[in-house]
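Listed here are the chains, written in short residue letters.
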Amino acid sequence: MKGKPLLRQAFKTFFKNWGAYTILVIVINFLMLGIVVPLTTFSTSLILRLNGVPYLSYTNVVWLLTKRPAAVGELLVLLIIILALIFWQFAFLMFGIQNIAERQNQRLPRVALTALKNLGHLRTGSFLFFLGYFILVLPLSDIYLNSPLLSKVQLPAFIFETIDQSWWLMGLVVLFYLLLFYLGIRLIQVLPLMILNRQPGFAAAKKSWQMTRHNGWRYLWRMMVLGTVSFLTTTLLSGLLYLAQLYFDQKSNLVAFSGAVISMGLLSIWQYIIGAFSLVVFMLVLIFNLDDRGINQPVGTVVSRPTRHRYRRRIFAAILVLLFLSLQMTFNAIYLQGALLTRPLTISHRGVDNGNGVQNTIPALNKTSREKPDYVEMDIHETKDHQFVLMHDENLKNLAGVNKAPHQLTLKQLTKLKVHENGHTAHIASFDRYLTAAEHDHQKLLVEIKTTKYDSANMLALFIKRYENRLLRDHDRIHSLDYHVITGLKKRAPKLFVSYILPFNFSFPETKANAYTMEETTLNQDFVNEAHARKQQVFAWTVDDDDDMTRMMFLNVDGIITDDLHELQVNIETTFDHPSYAQRLLIYSNELQDASDSAGMPQN
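Here the residue numbers are simple positions, counted from 1 along each chain's written sequence. For this predicted model, a pLDDT threshold of at least 70 governs which residues receive local features, and a threshold of 80 or more governs which side-chain atom pairs are given and counted, while totals over whole chains, interfaces and linings are taken from all residues. In computing side-chain values, all of the structure's heavy atoms are included and hydrogens and water are not.

Asks: Got a minute to help me understand the overall build of the chain in this structure?
Replies: Regarding its fold elements, the chain presents 24 helices and 11 strands. For the chain, the residues scored as buried account for 51% of the 604 residues in total. Within the chain, counting contacts between residues at least 6 apart in sequence, those at least 24 apart form 68% of the total. Note on areas: these come from Shrake-Rupley sampling with a 1.4 Å probe, and a residue is covered only by the protein chains present in the view. For the chain, the exposed surface amounts to about 29,200 Å²; the carbon and sulfur share of it is 61%. Strands are runs of DSSP state E lasting at least 2 residues, helices are runs of H or I lasting at least 4, and numbering of each runs from the N terminus. Partly exposed residues are those whose accessible area sits between 20% and 50% of the maximum for their type, while under 20% is buried and over 50% is exposed, using a 1.4 Å probe and protein chains only. Contacts are assigned to residue pairs that have any heavy atoms within 4.5 Å of one another.

Asks: Help me out: how do you make sense of the packing of aromatic side chains in this one?
Replies: Aromatic ring pairs are reported here in terms of the distance separating the ring centres and the angle at which the planes meet. In this analysis, rings of Phe, Tyr and Trp, with Trp reduced to its six-membered ring, are considered paired at centre separations within 6.5 Å, and the interplanar angle assigns stacked below 30 degrees, edge-to-face beyond 60, and tilted for intermediate values. Counting across every chain of the model gives 22 aromatic pairs. Seen from their ring centres, tyrosine 55 and tyrosine 500 are 5.1 Å apart, and the 75 degrees between their planes marks the pair as edge-to-face. On the criterion of sequence distance, the pair formed by tyrosine 55 in the loop between α2 (18-50) and α3 (61-67) and tyrosine 500 in strand β8 (residues 498-502) is long-range, its members being 445 residues apart. No difference in accessibility class separates tyrosine 55 from tyrosine 500, as the two residues are buried. Cluster of aromatic residues (ring-pair linked, three or more members): Phe11, Phe14, Phe15, Tyr21 and Phe277. The ring of tryptophan 209 has arginine 186 lying over it, and the distance from NZ or CZ to the ring centre is 4.1 Å. The ring of phenylalanine 497 has arginine 477 sitting right over it, with the charged end atom 3.9 Å from the ring centre. Criterion for a charge above a ring: Lys NZ or Arg CZ within 6 Å of the ring centre, and within 35 degrees of the ring normal.

Asks: Just to check I follow, could you spell out the side chain of aspartate 455 for this structure?
Replies: Note on placement: aspartate 455 falls in the loop between β6 (445-449) and α19 (459-474). His is not counted here, nor are the chain ends, while Lys and Arg score as positive and Asp and Glu score as negative. Only one rule defines a salt bridge in this text: a Lys or Arg side-chain nitrogen within 4 Å of an Asp or Glu carboxyl oxygen. No salt bridge forms around the buried aspartate 455; measuring N to O, its nearest opposite-charge neighbour lysine 450 is 11 Å away. One polar contact links the side chain of aspartate 455 to the main-chain amide nitrogen of threonine 452, over a distance of 2.8 Å. Polar contact is the term for a pair of N or O atoms within 3.5 Å; when the atoms are in protein, one must be able to donate a hydrogen and the other to accept it, and sequence-neighboring residues count only if both atoms are side-chain atoms.

Asks: I tried to follow a negative patch on the surface on my own but got confused; where do I start?
Replies: Residues enter a patch when their relative accessible area is above 30% and they make no salt bridge; the linking distance is 9 Å between like charges and 5 Å between nonpolar side chains (Val, Leu, Ile, Met, Phe, Trp, Tyr). By convention, the charge on Lys lies at NZ, on Arg at CZ, on Asp at CG and on Glu at CD. On the surface, Asp544, Asp545, Asp546 and Asp547 cluster together to form a negatively charged patch. Mapped onto the elements, aspartate 545 comes out in the loop between β10 (537-541) and α22 (546-554). By relative accessible area, which is 39% here, aspartate 545 ends up partly exposed.

Asks: Any chance you could explain the pairing of strand β9 (residues 515-519) here in plain terms?
Replies: Note on strand geometry: in a regular strand, side chains alternate between the two faces of the sheet. Of all five residues making up β9, five are buried, and the element is well covered by its neighbours. Of the two faces of β9, the one carrying Ala515, Thr517 and Glu519 and the one carrying Tyr516 and Met518 are both buried. Two strands pair if DSSP finds at least two bridges between them. As paired strands, β8 and β9 are joined by four bridges and run parallel to one another. Considered in β9, the bridge of tyrosine 500 is made with tyrosine 516. Bridge count between β9 and β10: five bridges; the pairing is parallel. Each residue of the ladder has a partner; that of methionine 518, found in β10, is alanine 540.

Asks: Looking at this structure, how should I read a nonpolar patch on the surface?
Replies: Together, Trp167, Trp168, Leu172, Val174, Leu175 and Leu178 make up an exposed nonpolar region whose accessible area comes to about 730 Å². Along the chain, leucine 175 falls in helix α9 (residues 167-186). On the basis of relative accessibility, which here comes to 55%, the residue leucine 175 falls in the exposed class.

Asks: What am I meant to see in helix α12 (residues 216-248) here?
Replies: At 3.6 residues per turn, the α-helix brings residues three or four places apart onto the same side. A helix is expected to span 1.5 Å for every residue after the first. Compared with the 48 Å implied by 1.5 Å per residue over 33 residues, the 48 Å span of α12 between its first and last C-alpha is a close match. Within α12, burial applies to Tyr219, Leu220, Arg222, Met223, Val225, Leu226, Ser230, Thr234, Ser238, Leu241 and Gln245.

Asks: How do you make sense of the pattern of salt bridges when you look at a structure like this?
Replies: Should the charged atoms of two oppositely charged side chains come close, the side chains can pair. According to the stated counting rule, one finds nine salt bridges in the structure shown. Of the charged contacts in the structure, one is a salt bridge between arginine 534 and glutamate 510, with a shortest N-O distance of 3.1 Å. Residue arginine 534 is found in the loop between α21 (525-533) and β10, and its partner glutamate 510 is found in the loop between β8 and β9; the two are separated by 24 residues along the sequence. Overall, arginine 534 belongs to the partly exposed group, its relative accessible area being 30%. When its relative accessible area of 26% is taken as the criterion, glutamate 510 is described as partly exposed. Shared partners join several salt bridges into a network, and the residues in it are Arg49, Glu510, Glu530 and Arg534.

Asks: I keep staring at unusual backbone geometry and nothing clicks. Help me out?
Replies: A positive phi angle, close to 55 degrees, is found at asparagine 354, a residue other than glycine. Here asparagine 354 shows up in the loop between β1 (345-348) and α15 (362-369). With phi around 60 degrees, histidine 475 is a residue other than glycine that occupies positive phi space. Structurally, histidine 475 can be placed in the loop between α19 and β7 (477-480).

Shown next as structure tokens:
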């Protein structure tokens, strides 16, 4: 393969057997998404349930280590199993791609067994190296080396919001990501060396470092070409189908509906093909670039197999394609009728809309309530004299210029202070006054109860005594990051609607909460489906990007918390208020691309 343009050779190799490669990728994704992911999810939930662990989060790490060490041990064993499955997935893909490229005509079960045997050759050191390797190449894994088991390995948005407030932290993060990307390029040949050449992890890393010396730009260029081809072809097809649907929408309803179903089917099929194309071509480049792959059969050697086996494989492939098409067309028809989506609640984050006032203040509430959000989300802290005040931060310095915490001042002292934001100024409000203003505006609230270690022992009891009946009468809701608040409210005031805030989707929690307020970056369809199956709702926070709003709607969340209320309302109106089939097709195209990016292939 030396001397030949590897990318051109990989293109030719893919197109010679594009159907076989696509089916290979579909099969491995079906195995992972349909079998492995549900089993690992069930195993995680079972471990938590048997050990009496209600949820997994950074907030209960110390409790887990000290009170539930058995659960921690079992989760670590499960993590090792997951890593082994990830390695097996890539081994299966590489052996399968090699098998098709060299026309070895091995059946998929044989390829899967070969991959499993390859896993058995891993030494302990190599396996530990594999764990560190995936941490290093994570920026690249989101592009081409993705796995459904890695879909939750991403940083939540709230971490980046914290980093954005400090230019030097942002600089460090940028440098860190550049370093990771550089290491990912230099170690890009590790997987094929470990899998196809059976080299130990550190030996594979050393060899990859040598192979990529002075060649890093070539790998980067190949990835850019692949990404550009995938993006342009998908965009072109989506545009042509959209224009065609605009024409069909002018005809009879039957013609418009039938055209939309067919267009969606074509778009879905193309996403599967282009997803397989990107993954397979990328891996072929890595395979072809090996100096010594230890392969007995030269490329192009045909291993004779009985004709009946070829017919069986073709029949199986045809059945698989027909089954997929029938399921896809059924899904398309239901989707186009709007039966899969429900209109989410619109929730204004901290009571503002696109900087129309100071967060958590009455003037901002008055302005925002005129736009008719379903709920206004706001935050309260306990004061020094055991009252409740509107404030998100645990320190007043950022908004009020006072280096004090709410628990250090009385309510009277706090309400004399002014806060400044977005070019606006307002007084800090007591919860009583804010609640009265909301009632005057006929505005329902989503109250976030903030807690600190300085809160009084009976803080929650005081809150319930003062506000339970009033909140119930106004149909207000509550949410909190503090699990003790959730359990306390459900025990002492069970009629209140309470949502537990989760900053990260590790596993589905076992709680009595009425809903979950989930940070949107790790929220997925499985979590929403599980919540709905348990009669619990899901609110996504904080969703400010138009595409993310659409993605949350397609996950069928019950509410969306946003800083840009007007943009959300426009997005919902476009999606739900009798959009044209062409518009639905465009929305579906965007959502399909997001799903493809998150798991390597499209998901419905």
